[in-house]
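# Structural overview for review
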Amino acid sequence: MPLITFEGIDGCGKSTQILMLKDYFEKRKLKCSVFREPGGTVIGEKIRDILLDNQNSIMDPKAEFLLLVASRAQLVHEHIKPRLELGEFVIVDRYIDSSVAYQGFGRGLGKKIVTFINEFATELVYPDLTFYLEIDEKTFEMRRKEKRDRIESEGIEFIRKVMEGYSEISSSKRFVKIDARVDQNQIFVAIIKEIERRFNL
Ligand SMILES: Nc1ncnc2c1ncn2[C@@H]1O[C@H](COP(=O)(O)OP(=O)(O)O)[C@@H](O)[C@H]1O
Ligand SMILES: [Mg+2]
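### Quick word on the packing of helix H4 (residues 96-106) against helix H5 (residues 111-122)
Packed helices, taken two at a time, are described by the angle their axes make and the gap between the axes. For the pair H4 and H5, the least separation of the axes is 9 Å and the interaxial angle reads 150 degrees. Looking at the two axes, H4 sits roughly antiparallel to H5. The handedness of the crossing between H4 and H5 comes out as right-handed. Note on element contacts: H5 touches H4 through Lys111, Val114, Thr115, Asn118 and Thr122, opposite Ile96, Ser99, Val100, Gln103, Gly104 and Phe105. By residue class, the composition of the contact of H4 with H5 is four nonpolar, six polar and one charged.

Below is the structure:
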């Protein structure tokens with residue numbers, strides 16, 4: 001039944017922690033599937049290519065958002081819902097909250113419309129637990145990749161708005177905010193502690 005999502009700006013360590021968590025579940029013979037957004041399905045990966053293509057610099061923020069939720073709707077329909085119904089753990093690298101932070105706050109579309117369309121696309125499939133891996137600007141600059149996609153190429157002003165968005169939404173009960181500036185093993189210990197507590201593992 002549990003859906004666990006990872007959120008945070010680029011370089012905060014989502015992919016690193018998800019790899020470690022998948023390994024943790026596998027060692028305990030617990031079935032778990034990992035997906036990423038945008039993408040995770042054949043249709044979604046095609047949408048991802050459009051979204052992240054540096055050539056598409058003229059993309060309207062509404063078009064960006066609607067493409068993202070199209071990918072999300074497909075992922076929920078094709079993979080997330082069926083697996084949750086089988087009682088498996090599902091881990092997603094970015095989900096509804098990324099749209100609130102990036103499109104709602106970053107692009108300025110607003111939290112309300114983003115939440116409304118998110119709920120339509122996901123049929124109200126909310127995460128049971130969301131890890132928000134928080135880093136500061138300095139850490140962000142340090143871990144930033146050389147080769148960046150269209151969204152990663154945005155300037156620091158945009159990232160600041162995204163961080164503001166995350167900090168506003170991450171106070172709700174579903175979120176666990178983790179200081180992700182520290183060593184990856186230290187972050188992982190905090191993640192496992194929370195998972196074992198919440199799901200009685
Ligand atoms: N806790 C950490 N401390 C230092 N470097 C890290 C840590 N976690 C991840 N990294 C490194 O930072 C970069 C971004 O990590 P990644 O897991 O890909 O982040 P994300 O998926 O959130 O963009 C990678 O080079 C990774 O090896
Ligand atoms: Mg990643």
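Anyway, onward from the coordinates.
### Observations regarding the pattern of salt bridges
Counted according to the given criterion, the structure contains 19 salt bridges. For Glu64, the salt bridge goes to Arg150, with nearest N and O atoms at 2.9 Å. Of this pair, Glu64 sits in helix H3 (residues 61-85) while Arg150 sits in the loop between helix H6 (137-143) and helix H7 (156-169), and the two are 86 residues apart along the sequence. When sorted by exposure, Glu64 lands in the same class as Arg150, which is buried. Across the salt bridge formed by Arg160 and Glu137, the nearest N and O atoms sit 2.8 Å from each other. A residue pair is termed long-range when its members are at least 10 positions apart, and Arg160 in helix H7 and Glu137 in helix H6 qualify at 23 residues. With a relative accessible area of 28%, Glu137 lands in the partly exposed category. In the salt-bridge network here, residues are joined through shared partners; they are Glu64, Arg107, Arg150 and Glu154.

### Considering the packing of H3 against H4
For the pair H3 and H4, the least separation of the axes is 11 Å and the interaxial angle reads 175 degrees. By the angle between their directions, the pair H3 and H4 is classed as roughly antiparallel. Between H3 and H4, the residues in contact are Glu64, Phe65, Leu68 and Arg72 and Ile96, Ser99 and Gln103, respectively. Looking at the contact of H3 with H4 residue by residue, the classes come out as three nonpolar, two polar and two charged.

About the cut-offs
- Positions within a chain are numbered from 1, following the residues in the order the chain's sequence is written.
- To read the labels, note that chains go from A and ligands from 1, taken in the order they are written.
- Residue-level local features of this predicted model are given only where pLDDT is at least 70; pairs of side-chain atoms are given and counted only at 80 or more, and the full residue set underlies all totals for whole chains, interfaces and linings.
- The side-chain values count all of the structure's non-hydrogen atoms but skip hydrogen atoms and water molecules.
- Only C-alpha atoms enter the line fits that serve as axes; for helices the fit covers just the stretch in contact. Angles between N-to-C directions range over 0 to 180 degrees.
- The helix and strand labels rest on DSSP assignments: H or I over at least four residues marks a helix, E over at least two residues marks a strand, and numbering proceeds from the N terminus.
- When describing relative orientation, an angle under 35 degrees is termed roughly parallel and one over 145 degrees roughly antiparallel, while 65 to 115 degrees is termed roughly perpendicular and anything else oblique.
- For a crossing to be left-handed, the near helix must be turned anticlockwise from the far one by less than a right angle; the clockwise case is right-handed.
- Only heavy atoms enter the contact rule, under which two residues are in contact if any of them lie within 4.5 Å.
- Residues are grouped as follows: Ala, Val, Leu, Ile, Met, Phe, Trp, Tyr, Cys and Pro are nonpolar; Asp, Glu, Lys and Arg are charged; every other residue, Gly included, is polar.
- By salt bridge we mean one thing: a side-chain nitrogen of Lys or Arg within 4 Å of a carboxyl oxygen of Asp or Glu.
- With a 1.4 Å probe rolled over the protein chains alone, any residue whose accessible area is under 20% of its type maximum counts as buried; one over 50% counts as exposed, and the rest are partly exposed.

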